[in-house]
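# Descriptive structure summary
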Amino acid sequence: MKTIDRIVRPAYRRLESYTVDLPTVPIKLNQNEAADELPDDLKRAIASELLTVDWRRYPQLTPVDVVEPIASTFGLDPSGVLVSNGSNDVLRAIFDVSVGRGSRVVTLTPTFGVYRLLAEQREAVVDCSPLDHRFRVHDRDLIERSRQATLTIVTSPNSPTGTRVKPETIREVCRQTRGLVVIDEAYVEFTDQDFLPFAREFANLIITRTFSKAAGLAGLRVGWATMAPALARQVQKAILPFALDVVSTIAVRTILDNWALVESRAGDTVRERDRLIAAVANLPDLTVFPSEANFFVVESADRNASAIIAALLDRGILVRPMTSYGSTGNGTERQLFRVSVGRREENDAFVAALSEIVADVQEVRP
Ligand SMILES: Cc1ncc(COP(=O)(O)O)c(C=O)c1O
């Protein structure tokens, strides 16, 4: 037996590593990050506060300096709020306390790949409720599947599709399931529907959020969740001590003090998204799907998505293939790619490049 086979659990040996292609490009529209960098004065305020703290010292054991402002900004009970380094790690903690070998994890397909990774690490069974051809949730199917689930996890708005799940559907899932329900609201700032009030209503529901997208702090790694305090006390046990560093702590406090800026920038992104979707819809042989997030999906009728992605890359623009998100429907391969909304001039460059690429296809057609 090889050393690796002896020392690494079979579940991990079977796993595919999570990968993202990250070439350096002038226009990066592939990871749903905030379109704009934080204003200089905010970054400076964070940096100068960092100079006043003693770096030898551990941060707070549980980061109350972040939990309290999150709770007051969003009107929550602080004893139900948990914070860790990235919502990925919050999700990891949730899976740690609820999912084990043979557990049933229900999610959507296509959706964010980390849920499958977390489930497979724990040798759980993944059961996906397929979105329809326009990426809408099959409400009945999701409710049915989640009845026997250990954990049902739904993203709203969903990545990579930008579609939402209906409140009535979540209410039924929470009522009918015997397990835990998680709604990942990583992109909630770009839509007008949120599930925070539901976390007060259902003892088996967790809402996760992140500072990585609209709040523009992906580089610092802060995510959080809200749930019933009794459940929070359990999930907290899976978050390692001192998870949140002082840089993130100071940055999040500063961002929360300036939350109106985050909201107004999210509003700008939504307007840009709608402008971009309308522009792409005018191009021949492309279908663009409605989205409630800071990204959207495009389908090509007559050209490989990978050829379009490569042609965009040749022009210095990086978008995301849909291949890592699971099945996109009915067994036939669809030609899809996902585009994050960038700054206005980046979006204009994207539309110009895509029009050129599509025009090339038209020319070679007999
Ligand atoms: C749906 C969804 N959830 C969670 C995350 C992870 O976010 P974080 O940076 O907070 O770990 C992402 C990041 O792409 C995401 O798309």
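Every residue gets a number counted from 1 within its own chain, in the order that chain's sequence is written. pLDDT decides what is reported in this predicted model: residues at 70 or higher carry local features, side-chain atom pairs at 80 or more are listed and counted, and totals for whole chains, interfaces and linings draw on all residues regardless.

### Quick look at the pairing of strand S5 (residues 151–155)
To sort residues by burial, count the other C-beta atoms lying within 10 Å of each one's C-beta; a count of 20 or more means buried, 12 or fewer means exposed, and anything in between means partly exposed. C-beta atoms are built from the backbone. Each helix is a run of H or I in the DSSP string that is no shorter than four residues. Each strand is a run of E no shorter than two, and both are numbered from the N terminus. Summarising burial for S5: five of the five residues are buried, a large majority. Across the two faces of S5 the burial is the same, with Leu 151, Ile 153 and Thr 155 and Thr 152 and Val 154 all buried. Relative to S5, strand S3 (residues 104–109) runs parallel, the two sharing two bridges. Following the sheet pairing, Val 105 is matched in S5 by Leu 151. Here the rule is simple: two strands pair whenever DSSP picks up at least two bridges between them. Strand direction decides the pairing type here: S5 and strand S6 (residues 180–184), joined by five bridges, are parallel. Across the sheet, residue Thr 152 finds its bridge partner in S6, namely Val 181.

### Considering the domain arrangement of the protein chain
Interface size is commonly expressed as the accessible area that is lost once the parts come together. An automatic or database domain assignment is the source of the domain bounds shown. Domains assigned within the protein chain are domain 1 (3–37 + 260–359) and domain 2 (55–258). Relative to domain 2, the C-alpha centre of domain 1 lies at a distance of 23 Å. Of the residues lining the interface, 32 residues belong to domain 1; the matching set on domain 2 comes to 32 residues. Counting only elements with at least two residues in the side of domain 1 that touches domain 2, the list comes to helix H2 (10–14), helix H12 (259–281) and strand S10 (295–300). Looking at the side of domain 1 that touches domain 2 element by element, the count peaks at seven residues for H12. When the residues that make up the side of domain 1 that touches domain 2 are grouped by side-chain class, the tally is 17 nonpolar, nine polar and six charged. Each residue gets a C-beta atom placed from its backbone, and two residues are in contact if those atoms lie within 7 Å. Amino acids are sorted into nonpolar (Ala, Val, Leu, Ile, Met, Phe, Trp, Tyr, Cys and Pro), charged (Asp, Glu, Lys and Arg) and polar (every other residue, Gly among them).

### Some points on the pairing of strand S2 (residues 81–84)
Burial along S2 is two-sided: Val 81 and Val 83 facing one way and Leu 82 and Ser 84 facing the other are all buried. Looking at chain direction, S2 and strand S8 (residues 223–226) are connected through four bridges and run antiparallel. From the neighbouring strand, Ser 84 faces S8, where its bridge partner is Gly 223.

### Things to note about the environment of Thr 328
The residue Thr 328 is located in the loop between strand S12 (320–321) and strand S13 (336–340) in this model. Classification of Thr 328 by C-beta neighbours within 10 Å gives buried; the count is 22. Counting along the chain gives 279 residues from Thr 328 to Glu 49, while the straight-line C-alpha distance between them is 47 Å.

### As for the sheet that holds S12
Strand pairing in a sheet is mediated by backbone hydrogen bonds. Such pairs are either parallel or antiparallel. Read across the open sheet, the four strands follow the order S9-S10-S13-S12; overall the sheet is antiparallel. Among the strands making up the open sheet, the edge pair consists of strand S9 (286–288) and S12. Strand direction decides the pairing type here: S12 and S13, joined by two bridges, are antiparallel. Residue pairing for S13: Arg 320 is matched across the bridge by Arg 338. Angles here are taken between N-to-C directions and fall from 0 to 180 degrees, while the axes themselves are lines fitted to C-alpha atoms, restricted in helices to the stretch in contact. Those strands touched by H12 are S9 and S10, and its axis lies near 155° from that of S9. Of the strands in this sheet, S10, S12 and S13 are in contact with helix H13 (residues 305–314), which crosses S13 at around 35°.

### Examining the environment of Ala 225
In this fold, Ala 225 is placed in strand S8. A count of 28 C-beta atoms within 10 Å places Ala 225 in the buried class. As a C-alpha pair, Ala 225 and Ser 84 span 141 residues in sequence and 8.9 Å in three-dimensional space. Excluding residues that lie within four positions of it along the chain, Ala 225 makes contacts with Leu 82, Val 90, Ile 206, Ile 207 and Thr 208.

### What to know about the packing of helix H3 (residues 40–51) against helix H11 (residues 246–257)
Between H3 and H11, the shortest axis-to-axis distance is 9 Å and the interhelical angle comes to 135°. Relative to H11, the element H3 lies oblique. For the crossing formed where H3 meets H11, the hand is right-handed. Across the interface between the two elements, Leu 42, Ala 45, Ile 46, Glu 49 and Leu 50 from H3 touch Val 246, Val 247, Ile 250, Ala 251 and Thr 254 from H11. Looking at the contact of H3 with H11 residue by residue, the classes come out as eight nonpolar, one polar and one charged. Our angle categories are set so that under 35 degrees counts as roughly parallel, over 145 as roughly antiparallel, 65 to 115 as roughly perpendicular, and the remainder as oblique. Take the far helix as your reference; a near helix turned counterclockwise from it by less than a right angle gives a left-handed crossing, and one turned clockwise gives a right-handed crossing.

### A closer look at helix H8 (residues 167–176)
Taken together, the buried positions of H8 are Ile 170, Val 173 and Cys 174. Buried residues of H8, viewed axially, fall in a sector of 95°; they line one side. Away from the buried face of H8 by more than 90 degrees, exposed residues Glu 168 and Arg 175 are located. Along its buried surface, H8 packs onto helix H7 (139–146), S5, S6, helix H9 (196–201) and strand S7 (205–210). This arc describes the spread of directions from the helix axis toward the C-beta atoms.

### A few points about the packing of H7 against H8
Put simply, H7 and H8 touch, their axes get as near as 9 Å, and they point 20° apart. Accordingly, the angle class assigned to the pair H7 and H8 is roughly parallel. Considering how the two elements wind past one another, H7 and H8 form a crossing that is right-handed. Facing Asp 139, Leu 142, Ile 143 and Ser 146 of H7, the residues of H8 in contact are Thr 169, Glu 172, Val 173 and Gln 176. Of the residues assigned to the contact of H7 with H8, the class counts are three nonpolar, three polar and two charged.

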